[in-house]
Structures are given as structure tokens and as C-alpha cells.
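Each chain, letter by letter, is given below.
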Amino acid sequence: MLVREVIASALILLGRAELASALASGAGAEEEKDLTDTLLYCFNAVENEIARNYIPLVYREELLSKNNKFLYTSFSKTPLRVKKISGNGRSVNYEIFPDYLYAEADKIDIEYEYAPRRKRLDDATDFNDSVCTDIIPAGMAEEYSYINGEAEAGDIWKAKYRDLIDDIQRTLPECAHIPPRRWV
């Protein structure tokens, strides 16, 4: 799904359906440039929050190194947490340093959670459609409401956003993530 389509979904939630159809078709981006830029900022913030805290994005790749040091800049994505490293079909010991990962092999198959890069309107999202059609637009509506000083609307969207995240986390195969504490 394109970022443009996710922003159009958020515009519908915010009651701006006329702009949503124009944006989804690629026509109305210039007439509401400030609104589009703000919603793009909200999209990037929400996608990053979801990937880091609730629904991890996982990537697997094969890397080579001459000195067993794998610089993070050589990874295809920005790594957050290493899930598994193997070399020649078996588990490999490794150590994490600030600028690189040291593994006891020169060729590794690594699986890691990653942070999504900042997106533009015509980029594809990193999440599947179920996250992009419900969760991200609700989080964007929350962020946008708070940015505009609409605290009551922001609180309503925040509750909806958190409920959607809780619902999807129950279906994840790994229940290692604990939802953030809610203070009464």
C-alpha cells in the first residue's frame, strides 16, 4: 500500500473525504500542501512507533565480511534487534558493538527487527494492508489532532488506536511485547 493511500484513509477519518479522493488519485497534493506535509510527518512517526514498540518488522539477509565485523551501514535496513544469526546452517556466537556486529563467521544469515526509513507520498509502506488500513490511520488522526491543539479529539483517537494495537498484538505468534502501562 502506498503512503498516499494511507494518508487518504486518515483524511477520511478526520472528516476530509473530499481531499482524500483527490490525494489518492494524485491530483490534490498541491492545494493542501501543509496538510499533506503534516500528515506525512504523522505517518512516519506512527509507522516508526508501531515498528519499534508493538509490531516488529523483521528482515532476513545474508552478509559477508573479511574480518567478521559487520557494519550496520552494510545492512539493507536499519537494525533494531537481532533475532537470529546462523552461519553454514548452524547458530553463530555474536557480540553487538555501537558501530558493528561481530560474529564468529565471515558469512552469516541474519534475521533482525528493523526501523522503517522515512517515507514520501509515493513510497510503499513496510506494513501489510491490515495495519495500513486501520491502525496507522487511527494513529495519524491522533497525532494530527494533538498537533492542531484538539486534545479531546486526540484522546478519542488515542483510545481507538491503542485498542486496535491491543487487538492485533493478541494475534501475533510471539507475545513478547508488553503493551505500555496506562495510568488511571
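As shown above, the structure is provided for reference.
Note that the coordinates shown come from a computational prediction; the quantities given were computed from them, not determined experimentally.

**Concerning the overall build of the chain**
Next, step 1: When you go through the chain residue by residue, the secondary structure sums to five helices and seven strands.
Next, step 2: Mapped from its N terminus to its C terminus, the chain presents α and β elements in the order α-α-α-β-β-β-β-β-β-β-α-α.
Next, step 3: The buried share of the chain, reckoned over its 184 residues, is 41%.
Next, step 4: Across the chain, every contact between residues at least 6 apart in sequence was considered, and the portion connecting residues at least 24 apart equals 70%.
Next, step 5: Only carbon and sulfur atoms are counted for the fraction: they give 49% of the accessible area of the chain, which is about 10,800 Å².

**Considering the sheet that holds strand E4 (residues 90-91)**
Next, step 1: One open sheet holds the four strands; their spatial order is E1-E7-E3-E4, and the pairing between them is antiparallel. Edge positions in the open sheet fall to strand E1 (57-64) and E4, since each of these has one partner strand only.

**Quick notes on the packing of aromatic side chains**
Next, step 1: Overall, the coordinates contain five aromatic pairs when judged by the stated rule.
Next, step 2: Pairing Phe 97 with Tyr 100 gives two aromatic rings, centres 4.8 Å apart and planes at 25°, and the pair type is stacked.
Next, step 3: Judged by relative accessible area, which is 28%, Phe 97 ranks as partly exposed.
Next, step 4: Classification of Tyr 100 by relative accessible area gives buried; the value is 19%.
Next, step 5: An aromatic cluster is defined as three or more aromatic residues linked by ring pairs; in this entry it consists of Tyr 59, Tyr 72, Phe 75, Tyr 112 and Tyr 114.
Next, step 6: Just above the ring of Tyr 59 sits the side chain of Lys 77; from NZ or CZ to the centre is 5.2 Å.

**Observations regarding the packing of helix H3 (residues 33-53) against helix H5 (residues 151-169)**
Two numbers describe a pair of packed helices, the interaxial angle and the distance between the axes.
Next, step 1: Axis separation between H3 and H5 bottoms out at 13 Å; the angle between their running directions is 35°. The interaxial crossing formed by H3 with H5 has right-handed handedness. Contacts between H3 and H5 pair Val 46, Glu 49, Ile 50 and Asn 53 from the former with Tyr 161, Arg 162 and Gln 169 from the latter.

**Remarks on the sheet that holds strand E6 (residues 100-103)**
Pairing between the strands of a sheet is mediated by backbone hydrogen bonds and can be parallel or antiparallel.
Next, step 1: Spatial ordering of the open sheet is given by E2-E6-E5, a layout of three strands whose pairing is antiparallel. Only two strands of the sheet have a single neighbouring strand rather than two, namely strand E2 (69-71) and strand E5 (94-96). Across the sheet, the axes of successive neighbouring strands diverge by a mean angle of 20°, strand direction being ignored.
Next, step 2: Pairing of E5 with E6 involves three bridges; the strand directions are antiparallel. In the sheet register, Tyr 94 faces E6, and the bridge partner there is Ala 103.

**Overview of the pairing of E6**
Next, step 1: Relative to E6, E2 runs antiparallel, the two being bridged by three bridges. By the bridge assignment, Leu 71 is partnered in E6 with Tyr 100.
Next, step 2: In sequence, E5 turns back onto E6 through a hairpin of three residues.

**Points about helix H1 (residues 3-13)**
Next, step 1: If you check which residues of H1 are buried, you get Val 3, Arg 4, Val 6, Ile 7, Ala 8, Ala 10 and Leu 11.
Next, step 2: At the exit of H1 stands Gly 15, carrying a positive phi of roughly 80°.

**Concerning the nonpolar core**
Next, step 1: Core analysis: the largest hydrophobic core is formed by 47 residues, its most contacted members being Ile 7, Ile 108, Phe 127, Ile 135, Ile 136 and Met 140.
Next, step 2: Among the elements of the structure, H1, helix H2 (17-25), H3, E1, E6, strand E7 (107-115), helix H4 (129-147) and H5 are those that each provide at least two residues to this core.
Next, step 3: Once residues within four sequence positions are removed from consideration, Met 140 is found in contact with Val 6, Ile 7, Ala 10, Leu 39, Cys 42, Phe 43 and Val 46.

**Description of the pattern of salt bridges**
Next, step 1: Enumeration over the complete set of coordinates arrives at 12 salt bridges.
Next, step 2: Where Asp 37 meets Lys 33, a salt bridge forms, and the shortest distance between an N and an O atom there is 3.2 Å. Placement of both Asp 37 and Lys 33 in helix H3 is noted, with a separation of four residues, approximately one turn of the helix.
Next, step 3: Of the residues examined, Lys 33 reaches a relative accessible area of 41% and is grouped as partly exposed.
Next, step 4: Taken together, the shared-partner salt bridges connect Glu 47, Lys 119 and Asp 126 into one network.

What counts and what doesn't
- Residues numbered from 1 in each chain as written.
- Predicted model: local features only at pLDDT ≥ 70, side-chain atom pairs only at ≥ 80, totals over all residues.
- Heavy atoms only, no water.
- Helix = DSSP H or I, 4+ residues; strand = E, 2+ residues; numbered from the N terminus.
- Buried < 20%, exposed > 50% of the residue type's maximum accessible area, 1.4 Å probe, protein only.
- Contact = heavy atoms within 4.5 Å.
- Areas by Shrake-Rupley, 256 points an atom, 1.4 Å probe, with all protein chains shown as cover.
- Pairing = 2+ DSSP bridges.
- Phe/Tyr/Trp six-rings, centres within 6.5 Å; stacked < 30°, edge-to-face > 60°.
- Lys NZ or Arg CZ within 6 Å of the ring centre and 35° of its normal.
- Axes fitted to C-alpha atoms, helices over the stretch in contact; angles between N-to-C directions.
- Left-handed = near helix turned anticlockwise from the far one by under 90°.
- Core = buried A, V, L, I, M, F, W, Y, C linked by side-chain atoms within 4.5 Å.
- Salt bridge = Lys/Arg side-chain N within 4 Å of Asp/Glu carboxyl O.

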